Amino acid sequence: MKRTGGQVRTGHRGNVLSLLTSAGHHLLWPAQCLFCGALLADQDEQLCADCWTDVLDCTSGSYCPTCAREVSEYAVLDRRCPECAGQIQTVDGMVRVGVYDKRFHEMVLSFKKGATELRHILVPLADSALKGCAFYPKIDVFVPVPLHWTRRLARGYNQAAVLARGLTHPHARLCRALVRVRATRIQPHMASPAQRRKNVARAFSVKRPTQIAGRNICLVDDITTSGATLHECAKVLKQAGAVQVYALVLAKAGHGR
Ligand SMILES: [Zn+2]
Ligand SMILES: [Zn+2]
């Protein structure tokens with residue numbers, strides 16, 4: 001994520017317009033934090049120092065490679081933490097960018113609620129987290145967790161699809177074969193895992209199984225709490241013939257966060 005700076009060294013109007021389009025606010029002066037709007041110091045990259053401190057604080061801890069709960073690396077045995085050991089896991093591995101806390105929480109929430117310019121921060125963070133995970137080379141297809149068409153229409157975009165579109169990979173493709181066939185309620189923060197599972201049951205379907213069968217899938221979503229949505233998507237994808245189903249999320253939320 002390199003800042004372009006305030007100088008444009010070309011006299012070609014087309015190039016300038018293209019730079020303005022690709023670099024967004026960084027060609028404007030004074031440069032502002034992409035999230036909170038504070039003025040950026042010369043050494044700041046896209047976010048101000050306070051925002052970076054919060055983001056890095058949320059993204060630096062260790063977590064379980066199966067369920068993404070925050071856990072010491074010493075508590076993980078055979079890729080399971082004490083919470084998910086012994087449970088049947090439909091999702092074979094998970095990578096998360098950070099915990100749903102502090103300004104990272106607000107950033108992920110804003111990204112869902114219209115601030116799509118935050119993709120300039122969130123996509124590179126997701127890309128970097130993904131490249132460091134064990135299943136990265138195995139991925140054949142990225143599948144964003146779909147919104148029901150009514151919610152997609154009301155919001156104007158699916159934040160999971162915006163995220164998935166920006167990911168880089170040597171061979172994996174984006175695939176939209178998974179659809180949400182039933183509108184689900186927005187879960188209250190303190191809904192139990194059982195309530196969450198019931199809410200998303202039979203909510204998804206694979207409309208083009210040939211794009212899924214025999215492939216290793218990486219689901220992409222913004223936030224996971226209990227993992228109920230990812231579990232339901234993975235179940236449907238495996239019924240359609242997916243070999244392994246992994247997941248990438250921006251944030252892992254837990255009760256109290
Ligand atoms: Zn800021
Ligand atoms: Zn776990």
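Before reading on, note that the structure itself is shown above.
Below, the structure is looked at part by part. Nothing here was measured: the structure is a model prediction, and the numbers come from that model. (Residues numbered from 1 in each chain as written. Chains lettered and ligands numbered in written order. Predicted model: local features only at pLDDT ≥ 70, side-chain atom pairs only at ≥ 80, totals over all residues. Heavy atoms only, no water.)

**Quick word on the environment of Glu117**
1) Next: Along the chain, Glu117 falls in the loop between α3 (102–112) and α4 (119–131).
2) Next: You can call Glu117 partly exposed: its relative accessible area is 35%. (Helix = DSSP H or I, 4+ residues; strand = E, 2+ residues; numbered from the N terminus. Buried < 20%, exposed > 50% of the residue type's maximum accessible area, 1.4 Å probe, protein only.)

**Comments concerning α3**
1) Next: If you check which residues of α3 are buried, you get Phe104, Met107, Val108 and Phe111. Looking down the long axis of α3, one finds its buried residues gathered within 95° of arc, a one-sided arrangement.
2) Next: As for α3, its buried residues are in contact with α2 (49–59), β1 (93–99), α4, α6 (159–166), β6 (216–224) and β7 (244–252).
3) Next: Gly114, located one to two residues past α3, shows a positive phi value of around 120°. (Arc of directions from axis to C-beta. Contact = heavy atoms within 4.5 Å.)

**With respect to the packing of α3 against α4**
1) Next: Here α3 crosses α4 at 110°, and the two axes come no closer than 10 Å. Relative to α4, α3 is oriented roughly perpendicular. Where α3 crosses over α4, the handedness of that crossing is left-handed. Contacts between α3 and α4 involve Phe104, Met107 and Phe111 from the former and Arg119, Ile121, Leu122 and Leu125 from the latter.
2) Next: Of the residues contributing to the contact of α3 with α4, the split by class is six nonpolar, no polar and one charged. (Axes fitted to C-alpha atoms, helices over the stretch in contact; angles between N-to-C directions. Parallel < 35°, antiparallel > 145°, perpendicular 65-115°, else oblique. Left-handed = near helix turned anticlockwise from the far one by under 90°. Nonpolar A, V, L, I, M, F, W, Y, C, P; charged D, E, K, R; others polar.)

**Things to note about the pairing of β7**
1) Next: Extensive coverage of β7 is indicated by the burial of eight of its nine residues.
2) Next: Sheet topology note: the β1/β7 ladder contains six bridges and is parallel. Along β7, the bridge assignment pairs Gly93 with Tyr246.
3) Next: Where β6 meets β7, eight bridges bridge the pair, whose relative direction is parallel. From the neighbouring strand, Thr224 faces β7, where its bridge partner is Lys252.
4) Next: Assessed by its sense of winding, the connection that carries the chain from β6 through helix α8 (residues 228–239) to β7 is right-handed. (Pairing = 2+ DSSP bridges. Right-handed = clockwise from strand over helix to strand, strands pointing away.)

**Here's the deal with the coordination of the zinc ion (ligand 1)**
When a metal carries six donors in an octahedron, the ideal angles between them are 90 or 180 degrees, while four donors in a tetrahedron ideally lie at 109.5 degrees.
1) Next: The zinc ion (ligand 1) binds to the protein through Cys33 (SG), Cys36 (SG), Cys48 (SG) and Cys51 (SG); the donor distances cover 2.3 Å.
2) Next: Around the zinc ion (ligand 1) sit four donor atoms; with metal-centred angles ranging over 106 to 118°, the donor geometry is tetrahedral.
3) Next: All donors of the zinc ion (ligand 1) come from a single chain, and their spacing in sequence reads C-x2-C-x11-C-x2-C.
4) Next: Judged by relative accessible area, which is 4%, Cys33 ranks as buried. (Donors = N, O, S within 2.8 Å, 3.2 Å for Na, K, Ca; no water. Tetrahedral: all angles 85-135°; square planar, octahedral: opposite > 155°, others 65-115°.)

**Concerning unusual backbone geometry**
1) Next: Of note, Asp78 is a non-glycine position whose phi angle comes to about 50°, a positive value.
2) Next: Among the secondary structure elements, Asp78 is positioned in the loop between α2 and β1.
3) Next: Note on Asp78: relative accessible area 76%, which makes it exposed.
4) Next: Positive phi is not limited to glycine here, since Arg202 has a value of about 55°.
5) Next: Looking at where Arg202 falls in the secondary structure, it is placed in the loop between α7 (193–200) and β5 (204–206).

**A closer look at the sheet that holds β1**
1) Next: Read across the sheet, five strands follow the order β1-β7-β6-β2-β3 without closing on themselves; strand pairing throughout is parallel. Sheet topology places β1 and β3 (173–174) at the edges, where each strand pairs with a single neighbour.
2) Next: Pairing of strand β2 (residues 141–144) with β3 involves two bridges; the strand directions are parallel. Note on β3: the bridge partner recorded for Phe142 is Leu174.
3) Next: Sheet strands touched by α4: β1, β2, β6 and β7. Its angle to β1, the strand with the most contacts, is close to 135°.
4) Next: Lying over the sheet, α6 contacts β2, β3, β6 and β7, oriented at roughly 130° with respect to β6.

Spatial relationships are all this shows, so hold off on functional conclusions.
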